[in-house]
Amino acid sequence: MKPLPEGQHIAVVGAGLVGLASALYLQRSGYRVTMFDRGGPGEGASYGNGGVVALGSILPVGMPGITAKVPGMLMDPLGPLTIRWGYAAQIAPWLMRMMRHTGREEVTRISGALASINLAALDDYLPLLEEAGASDLLARAGALYVASNAAEWTDMQFGIELRRTHGVPIEVLDRNELRQMVPALAPDMGGAVFVPDAGHSLNPLAMSQALFALFSDRGGQFVGHEVVDFDIGADGPTHVVTDDGRHACDAVVVAAGAYSRPLARRLGANVPLDTERGYHVMLPDPGIDVRIPMLFGGQGFAVTPMAEGLRCGGTVEFAGVHAEPNYARADAILTKAKRLMPGLQDTDAARWMGRRPSMPDSLPVISRSPRHANVCLAFGHGHLGLTQAAVTGRMIADLMAGRQPAVDPTPFRADRF
Ligand SMILES: Cc1cc2nc3c(=O)[nH]c(=O)nc-3n(C[C@H](O)[C@H](O)[C@H](O)COP(=O)(O)OP(=O)(O)OC[C@H]3O[C@@H](n4cnc5c(N)ncnc54)[C@H](O)[C@@H]3O)c2cc1C
């Protein structure tokens with residue numbers, strides 16, 4: 001790995017949590033950094049996510065047996081998965097690829113890779129948040145993975161085995177122990193896994209904004225325009241081209257979330273990135289007491305207590321990046337949340353849609369470009385970008401500086417496909 005000398009100027013495309021954390025770790029390594037975003041920092045997927053620093057989420061989306069479940073999910077109007085028919089042909093190759101990663105051996109490998117980055121998540125976040133004066137935005141209440149019925153509990157057993165195999169500390173709770181922890185839940189849950197070390201953001205947007213303020217305080221520059229291209233010389237990109245002009249740089253990091261694919265392709269990496277769109281409803285006055293984030297995997301959404309209310313978010317919609325939101329998906333989350341937490345109230349509920357940047361093997365791309373030594377790629381974190389942003393940032397700075405990252409980057413290489 002050829003190191004980029006200290007003091008060089010790096011362009012980071014995308015000011016979501018992944019771009020922000022990358023920019024901050026690059027600054028720490030002695031680089032000058034300019035971030036580019038056509039919107040405000042943290043206003044993409046990083047804005048409306050479930051906020052869970054989900055150390056225990058080491059299972060890929062494509063688990064064994066998913067093929068048999070998909071038709072049922074697609075038929076269910078409240079189901080966790082939907083495909084817009086106009087996008088079906090485009091997403092088909094991505095889904096076929098995903099299916100190739102659903103065998104037990106492959107899922108064990110992927111969950112090991114996810115554990116390797118998730119377990120480092122807090123160690124890499126805490127120093128950034130502390131320096132940004134934003135430690136109070138991260139709560140440390142753990143997280144509950146809840147089976148809402150007996151069948152889901154049976155399904156969760158392989159995941160429990162994988163968490164044990166990969167060293168994720170967990171406590172297994174029966175339905176009574178779960179109910180003692182969260183009395184607001186309906187009585188007929190299947191059981192739960194508690195991950196005591198997990199954390200959650202009390203306000204993901206405020207977290208991004210605090211990290212951005214730290215970036216600016218350290219001398220970082222921001223260009224609020226869309227990146228449309230790069231000038232590429234004999235040694236890789238020399239300029240970022242935006243809709244308002246050309247900006248010289250020595251190196252580039254692509255961290256543009258769900259929009260990264262064409263930018264990465266221009267810089268020598270053809271990766272099968274697509275988007276799993278997700279929705280949330282924010283309930284400012286939920287009428288129930290929930291203190292621990294709960295992830296209802298079988299139902300496809302999570303519930304997180306935040307500073308401004310209870311956020312119920314999740315589900316997967318394949319419709320590409322451009323289609324208009326279908327807020328009936330958010331309403332479906334609310335309907336299901338009310339079933340699981342019977343006292344839940346929805347006064348002044350606000351709905352949101354965001355685009356997860358998703359790879360078919362559920363592993364992010366944290367990698368040098370296969371073509372240019374002065375390009376790094378940091379996207380594709382799917383359901384776990386808030387969790388993995390800081391680890392990714394540290395790894396990107398290590399890759400740029402020619403250091404061996406503490407976490408093995410091999411499973412996250414761009415040329416793995
Ligand atoms: C409903 C839902 C719930 C979720 N819950 C969780 C959770 O609990 N825990 C967790 O860890 N993760 C969760 N996630 C996933 C997480 O939100 C994402 O993985 C993460 O936000 C991705 O961050 P990012 O920085 O890669 O992308 P983004 O936050 O989308 O940032 C990308 C940025 O790039 C900019 N951009 C794109 N293209 C260009 C361009 N050409 N020029 C200039 N700027 C550009 C965009 O404007 C944007 O600001 C959830 C996601 C959803 C949708």
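By convention here, each chain's residues receive numbers from 1 onward along its written sequence. Only residues with pLDDT of at least 70 get local features here, since the model is predicted, and only at 80 or more are side-chain atom pairs given and counted; chain-wide, interface and lining totals rely on the full set of residues.

Enquirer: What am I meant to see in the site of the ligand here?
Expert: Residues are classed as near a molecule or strand if the C-beta position derived from their backbone is within 6 Å of it. Looking at the ligand, there are 43 residues lining it, with Gly-16, Gly-44, Gly-50, Gly-257 and Gly-385 nearest. Throughout, the ten residues Ala, Val, Leu, Ile, Met, Phe, Trp, Tyr, Cys and Pro are labelled nonpolar, Asp, Glu, Lys and Arg are labelled charged, and all others, Gly among them, are labelled polar. Residues of the shell around the ligand, tallied by class, amount to 18 nonpolar, 20 polar and 5 charged. Boundaries of every domain are those given by an automatic assignment or by a domain database. Counting only domains with at least three residues in the shell around the ligand, you end up with domain 1 (9-46 + 206-272 + 362-416) and domain 2 (55-116 + 135-200 + 273-356).

Enquirer: Which parts of the structure should I look at to understand the nonpolar core?
Expert: Nonpolar side chains tend toward joint burial in soluble globular proteins. Think of a nonpolar core as buried Ala, Val, Leu, Ile, Met, Phe, Trp, Tyr and Cys residues, each tied to the set through C-beta atoms within 7 Å. Whether a residue is buried, exposed or partly exposed follows from its count of other C-beta atoms within 10 Å of its own C-beta, namely 20 or more, 12 or fewer, or something in between, respectively; the C-beta atoms are built from the backbone. Residues Val-13, Leu-211, Val-252, Val-254 and Ile-396 are the most contacted members of the largest nonpolar core, which totals 125 residues. Strands are runs of DSSP state E lasting at least two residues, helices are runs of H or I lasting at least four, and both sets are numbered from the N terminus onward. Counting residues per element, this core draws most heavily on helix α13 (residues 385-401), which supplies 9 residues. When we break this core down by domain, the ones giving at least three residues each are domain 1 (9-46 + 206-272 + 362-416) and domain 2 (55-116 + 135-200 + 273-356). We call two residues in contact when the distance between their C-beta atoms, placed using the backbone, is within 7 Å. When neighbours within four sequence positions are excluded, Val-254 is seen to be in contact with Val-13, Ser-260, Leu-263, Ala-264, Leu-267, Leu-377, Ala-378 and Phe-379.

Enquirer: Any chance you could explain the environment of Thr-242 here in plain terms?
Expert: Inspection of the secondary structure assignment puts Thr-242 in strand β12 (residues 236-242). Sequence separation of Thr-242 and Val-228 is 14 residues, and the distance between their C-alpha atoms is 5.3 Å. Excluding residues that lie within four positions of it along the chain, Thr-242 makes contacts with Phe-36, Val-223, His-225, Glu-226, Val-227, Val-228 and His-247.

Enquirer: Could you clarify how one ought to interpret the sheet that holds strand β13 (residues 245-248) in this entry?
Expert: Paired through backbone hydrogen bonds, the strands of a sheet run either parallel or antiparallel to each other. One open sheet holds the 3 strands; their spatial order is β11-β12-β13, and the pairing between them is antiparallel. Whereas interior strands pair on both sides, the edge strands pair on one side only; in this sheet they are β11 (227-233) and β13. Each neighbouring strand pair of the sheet contributes to a mean axis angle of 30°, computed without reference to strand direction. By definition, two strands form a pair when at least two bridges between them are found by DSSP. Here β12 runs beside β13; their pairing, made up of 4 bridges, is antiparallel. Among the inter-strand pairings, His-239 is bridged to a residue of β13, identified as Ala-248. Axis definition: a line fitted to C-alpha atoms, over the contacting stretch in the case of helices. Angles run 0 to 180 degrees between N-to-C directions.

Enquirer: Explanation requested: the sheet that holds strand β5 (residues 138-139) in the structure shown.
Expert: Reading across from one edge, β3-β9-β5 is the order of the 3 strands in this open sheet, with antiparallel pairing throughout. Each edge of the open sheet is held by one strand with a lone partner, namely β3 (52-53) and β5.

Enquirer: Any chance you could explain helix α6 (residues 121-131) here in plain terms?
Expert: An α-helical segment advances 3.6 residues per turn. Residues three or four places apart therefore align on the same side. For α6, the full list of buried residues reads Ala-121, Asp-124, Tyr-125, Leu-128 and Leu-129. One side of α6 carries all its buried residues, which in axial view fall inside an arc of 125°. Exposed side of α6, more than 90 degrees from the buried face: Asp-123 and Glu-130 are the residues found there. Downstream of α6 by one or two residues, Gly-133 has phi in the positive range, about 65°. Think of it as the arc spanned by the lines of direction from the helix axis to the C-beta atoms.

Enquirer: Help me understand the packing of α6 against α13 in this model?
Expert: When two helices pack together, their arrangement is given by the angle between the helix axes and by the axis-to-axis distance. Relative to each other, α6 and α13 sit at 80°, their axes nearing to 8 Å. In terms of their interaxial angle, α6 and α13 are classed as roughly perpendicular. In contact with Ala-121, Asp-124, Tyr-125 and Leu-128 of α6, α13 contributes Thr-387, Gln-388, Ala-390, Val-391 and Arg-394. Among the residues forming the contact of α6 with α13, the class breakdown is 5 nonpolar, 2 polar and 2 charged. Any angle that is under 35 degrees is reported as roughly parallel, and any over 145 degrees as roughly antiparallel; angles of 65 to 115 degrees are reported as roughly perpendicular and all others as oblique.

Enquirer: Just checking my understanding: could you explain the environment of Arg-163 for this structure?
Expert: Note that Arg-163 resides in helix α8 (residues 157-165). Taking C-alpha positions, Arg-163 is 12 Å from Pro-60, a pair spaced 103 residues apart along the chain. In this view, Arg-163 contacts Gly-56, Ile-58, Val-168 and Ile-170; residues no more than four positions away in its chain are not counted.

Enquirer: I would appreciate a short explanation of the domain arrangement of the protein chain in the present structure.
Expert: Often, the extent of an interface is quoted as the loss of accessible area on bringing the components together. As assigned here, the protein chain comprises domain 1 (9-46 + 206-272 + 362-416) and domain 2 (55-116 + 135-200 + 273-356). Averaged C-alpha coordinates put domain 1 and domain 2 at centres separated by 27 Å. Taken together, the contact between domain 1 and domain 2 spans 23 residues of the former and 18 residues of the latter. For the side of domain 1 that touches domain 2, the secondary-structure elements that each account for two or more residues are α10 (204-217) and α11 (260-266). With 3 residues, α10 is the largest single contributor of residues to the side of domain 1 that touches domain 2.

Enquirer: Can you help me understand the packing of helix α1 (residues 17-28) against α10 in this one?
Expert: Orientation of α1 relative to α10, taken along the N-to-C sense of each, is 30°, at an axis distance of 10 Å. Overall, the two elements α1 and α10 adopt an arrangement that is roughly parallel. With respect to the hand of their crossing, α1 and α10 are arranged in left-handed fashion. Contact with α1, carried on its side by Leu-17, Leu-20, Ala-21, Ala-23, Leu-24 and Gln-27, involves Ser-208, Leu-211, Phe-212, Leu-214 and Phe-215 of α10 and no other residues of that element. Its residues assigned to classes, the contact of α1 with α10 comprises 9 nonpolar, 2 polar and no charged. The hand of a helix crossing depends on one turn: near helix anticlockwise from the far one by less than a right angle means left-handed, and clockwise means right-handed.

Enquirer: Sorry, what's going on with unusual backbone geometry here?
Expert: Most peptide bonds take the trans configuration, and most residues that are not glycine carry a negative phi. For Thr-315, which is not glycine, the phi dihedral falls at a positive 65°. With respect to the helices, strands and loops of the structure, Thr-315 is situated in strand β18 (residues 309-318). A count of 23 C-beta atoms within 10 Å places Thr-315 in the buried class. Look at Ser-362: it is not a glycine, yet its phi comes out positive at around 65°. With respect to the helices and strands, Ser-362 occurs in the loop between β19 (350-358) and β20 (365-368).

Enquirer: Would you mind going over the pairing of strand β17 (residues 301-306) with me for this structure?
Expert: Along a regular strand, successive side chains alternate from one face of the sheet to the other. Burial analysis of β17 places 6 of its 6 residues in the buried class, which makes it a mostly covered element. Examined bridge by bridge, strand β16 (residues 294-296) and β17 share 3 bridges and lie antiparallel to one another. Residue pairing for β17: Met-294 is matched across the bridge by Val-303. In this structure, the hairpin formed by β16 and β17 is closed by a connection of 4 residues, where Gly-300 is found at a positive phi of approximately 80°. Between β17 and β18, which pair antiparallel one after the other, the connecting turn spans 2 residues.

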